[in-house]
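Each chain, letter by letter, is given below.
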Number of protein chains: 2
Amino acid sequence: MTEARRGPRERMVFSAAQLIRRGGVTATGMREVAEHAQAPRGSLQHYFPGGKEQLVNEAVEWAGRYAGRRIGRFLEGLEQPTPSGLFAAMAAQWTDEYADGGFATGCPVAAATVDCASTGDSTRQAAAAAFATWRAPLAEALRGMGVPAARAEPLATLMISTLEGAILMARAERDVRPLTTVVRELGPLLDAAVHS
Amino acid sequence: MTEARRGPRERMVFSAAQLIRRGGVTATGMREVAEHAQAPRGSLQHYFPGGKEQLVNEAVEWAGRYAGRRIGRFLEGLEQPTPSGLFAAMAAQWTDEYADGGFATGCPVAAATVDCASTGDSTRQAAAAAFATWRAPLAEALRGMGVPAARAEPLATLMISTLEGAILMARAERDVRPLTTVVRELGPLLDAAVHS
DNA sequence: GCGCTACTATGACCACTGTCATAGTCGGCT
DNA sequence: AGCCGACTATGACAGTGGTCATAGTAGCGC
């Protein structure tokens, strides 16, 4: 996931996202980001003249694009594409990560929203945009599975909301139970939307 | 909601929860809490010898008890108690708050989880306990409405997860759309669990 | 060689954090 | 009155945050 062979700028954005996932926006320092990215500290002000706000916003945007791109990958991995299968795959990414890596990390977009929604408006907008770039391909995938166009966007919102909440609870409990539970409970509803 | 007539200790716990709701745990300072509670700064170390960690944990526990107690209130407010109606009432608390107060505040338990799940284990446990004290009366309410005992807990987890995620998205978008959407989409599933 | 740009390297600044130490005040008990 | 516990009031400490200023280096066109 890391791919060390990228420019220092990209590495810093990536590291910022990774550190925000852990402890939130306020708890991640600029110096810490540079160190984690093995990038010179002086490059921070050079690549991100807008300061921390710019760096955080780019990290959030990056996370949104990443989540959006994953939807396509999940679709390819499903032999029999169904809404519930897609949702299960989305959740499985987290259960897998938690299974072998501990429960240290959450969703960076959620962290940015919690920490910046009331203070930094640009970051809040970045988070909203990230959710949108995640939701769009998801709704498109649902339509491709036979979900009526009018239900695709609402169901995508439901899926993302439920997943985000389950991630929260799973981290708090240090147990994947919430993730597996919502997959099991929400699956039938999602599949029932096909051809209806 | 404030009720200024309480001891300074309770006021500080309450203020801590309120400030954590806004900007997260790391961004809320002890001095800020004392000032917000109109309590003397010297009382912090007197009432909370465990420092910030203790204060935050108590704020999270308080939030959990508050959410749990609200379930009963919502039930009383429903003339025809149904799972979907209860879920709608839970979400309405947030849409009401966002309608006339802006989107400044989120759930303190979510904020504590995001900020402390990987660093402060005691706070993480407090968050898990808060979710539990919220989930228990909710599951009990569902059973009271005719939901089979085996489905009550999973459905309660689903409801809380979905609500938490919708709160997140609503704050990011500065729009109650996610909240109203998940209420509309999840309602039928919840009601279908009655007598089945 | 010069000059220019891209990038790196440090050190300093001020604001602020959580925590501790110390002194002060108040009320009630005996 | 004296005393003692609960609580309040402040100041100081060491650490860290983001940001700025300044100087240095590498590479390239000329």
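This text gives an overview of the structure that appears in the document. Only a predicted model underlies this, so the values are computations on that prediction, with no experimental measurement involved.

Inspection of the region around DNA strand D gives 16 residues, with Met30(A), Arg31(A), Gln45(A), Pro40(B) and Ser43(B) positioned closest. By atom count, sugar and phosphate contribute 49% of the portion of DNA strand D lying within 4 Å of the protein. Here a base nitrogen of DNA strand D and a side-chain polar atom of Arg31(A) are 2.6 Å apart. In the model, a base oxygen of DNA strand D is placed 3.5 Å from a nitrogen or oxygen of the Arg41(A) side chain. Of all the secondary-structure elements, those providing two or more residues to the surface near DNA strand D are helix 2 (30-36) and helix 4 (51-77) of chain A together with helix 3 (43-47) of chain B. When residues in the surface near DNA strand D are grouped by element, the largest group, four residues, is from helix 3 of chain B.

Further remarks concern the protein's contact with DNA strand C. Surrounding DNA strand C, one finds 16 residues, the nearest of these being Pro40(A), Ser43(A), Met30(B), Arg31(B) and Gln45(B). A share of 48% of the atoms of DNA strand C within 4 Å of the protein falls on sugar and phosphate groups. One of the side-chain nitrogen or oxygen atoms of Arg31(A) is found 3.4 Å away from a base nitrogen of DNA strand C. Between DNA strand C and Gln45(B), the relevant distance is 2.7 Å, taken from a base nitrogen to a side-chain nitrogen or oxygen of the residue.

Our next topic: the environment of Thr105(B). All names here are of chain B. Note that Thr105 resides in the loop between helix 5 (83-101) and helix 6 (108-116). Exposure remark for Thr105: the relative accessible area of 8% places this residue in the buried category. For the pair Thr105 and Leu168, spaced 63 residues apart in sequence, the C-alpha separation works out to 9.9 Å. Excluding residues that lie within four positions of it along the chain, Thr105 makes contacts with Arg21, Arg22, Trp94, Glu97, Tyr98 and Arg171. Only 2.9 Å separates the side chain of Thr105 from the side chain of Arg21, close enough to count as a polar contact. Engagement of the side chain of Thr105 in a polar contact is seen with the side chain of Glu97, the distance being 2.4 Å.

Calculation notes
Residues numbered from 1 in each chain as written. Chains lettered and ligands numbered in written order. Predicted model: local features only at pLDDT ≥ 70, side-chain atom pairs only at ≥ 80, totals over all residues. Heavy atoms only, no water. Near = heavy atom within 4 Å. Polar contact = N/O pair within 3.5 Å; in protein donor to acceptor, adjacent residues only side chain to side chain. Helix = DSSP H or I, 4+ residues; strand = E, 2+ residues; numbered from the N terminus. Buried < 20%, exposed > 50% of the residue type's maximum accessible area, 1.4 Å probe, protein only. Contact = heavy atoms within 4.5 Å.

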